[in-house]
Amino acid sequence: MFKSLITQLTLSLMSLFGGRLSHTLANKQYVHNLDSWAAHLLSHPSDPLEDQRLIPDISYGRTSRLNERLFLKGRRLNASENACEVIAVWHALKYAGHDIPFPALLKHFSKKGICAGGLFGTSPRFLVRFFKERGFDTEVITGSAITPALLEEKESGAKLCILTSFNRGHNPFHMIHTMCLTKESGCWTRHNDNGARKCPSLSDAVFTYNSSLSSPLQLILLKV
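We now turn to the structure provided with this report. Given the structure is predicted, the values throughout are model-derived calculations rather than measurements. (Residues numbered from 1 in each chain as written. Predicted model: local features only at pLDDT ≥ 70, side-chain atom pairs only at ≥ 80, totals over all residues. Heavy atoms only, no water.)

Let us now look at the pattern of salt bridges. In the structure shown here, the tally under the stated rule is eleven salt bridges. A salt bridge links Asp193 to Arg190, with the shortest nitrogen-to-oxygen separation between them at 3.0 Å. The same class applies to Asp193 as to Arg190, namely buried. The partner of Arg197 in a salt bridge is Asp193, and the shortest N-O contact between them spans 3.8 Å. For Arg197, a relative accessible area of 38% puts it in the partly exposed group. (Salt bridge = Lys/Arg side-chain N within 4 Å of Asp/Glu carboxyl O. Buried < 20%, exposed > 50% of the residue type's maximum accessible area, 1.4 Å probe, protein only.)

Quick look at helix 5 (residues 84–95) now. The first and last C-alpha atoms of helix 5 sit 16 Å apart over twelve residues, in line with the 16 Å expected at 1.5 Å per residue. With ten of its twelve residues buried, helix 5 lies for the most part within the structure. Considered for burial, the residues of helix 5 that qualify are Cys84, Glu85, Val86, Ile87, Ala88, Val89, Trp90, His91, Ala92 and Leu93. At the exit of helix 5 stands Gly97, carrying a positive phi of roughly 90°. (Helix = DSSP H or I, 4+ residues; strand = E, 2+ residues; numbered from the N terminus. Expected span 1.5 Å × (residues − 1).)

Along the chain, the position of Asp193 falls in the loop between strand 6 (187–190) and strand 7 (197–199). Setting aside residues up to four positions removed in sequence, Asp193 forms contacts with Glu50, Met179 and Tyr209. (Contact = heavy atoms within 4.5 Å.)

Moving on: the side chain of Asn33. Position of Asn33 among the secondary structure elements: in helix 2 (residues 23–43). Classification of Asn33 as buried rests on a relative accessible area of 2%. Non-local contacts of Asn33, meaning those with residues more than four positions away in its chain, are made with Asp57, Ile58, Ser59, Pro103 and Leu106.

So, about the packing of aromatic side chains. For the structure shown, the criterion picks out six aromatic pairs. Taking NZ or CZ as reference, Lys107 lies 4.6 Å from the ring centre of Tyr30, over its face. (Phe/Tyr/Trp six-rings, centres within 6.5 Å; stacked < 30°, edge-to-face > 60°. Lys NZ or Arg CZ within 6 Å of the ring centre and 35° of its normal.)

In structure tokens, the structure reads:
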């Protein structure tokens, strides 16, 4: 009961604070990101978004220095800190055969779903809305409903998922991380987990994140 309450409260608050940047700032960051992304692709042509720590020169959102000290241990807010949801969308679209440049996706969510100016990334519910608006067949499972037994049941028909997890336990103060899960040749890959992590099953891909210390918050199953 407590875990379900934390799950729904976290998703609801992130949806509530999911908003937009000003038109001027969103466009300014988009222009900046076009150049930064081009430079990043030159140095990481084959796996540009498997480790978001490598994109500190890409901008996404804006906050105060006080918030950076309180929530980011003084680190500057940029895509290496807060763009995991958008990165997961990019991986999912790529897997589904849709080539949308990363700066364009950042611009889209800057205007529709960025959470607290980007301090808390992007609202997971806005990811669901994004895929539905583009005609994807989606199934959303949240919190304690995400069980090994259910994932084993879904395994045969699943090829593409987006997982949002608490980094540690059911504690939102340890923040969350969102990753794309893809299935190829019977093996699952968990993208942007400080690299690409191979997993033997969907359940393993969901529950072994962060050395199994994590707890899944939302799982989106996408029909390709």
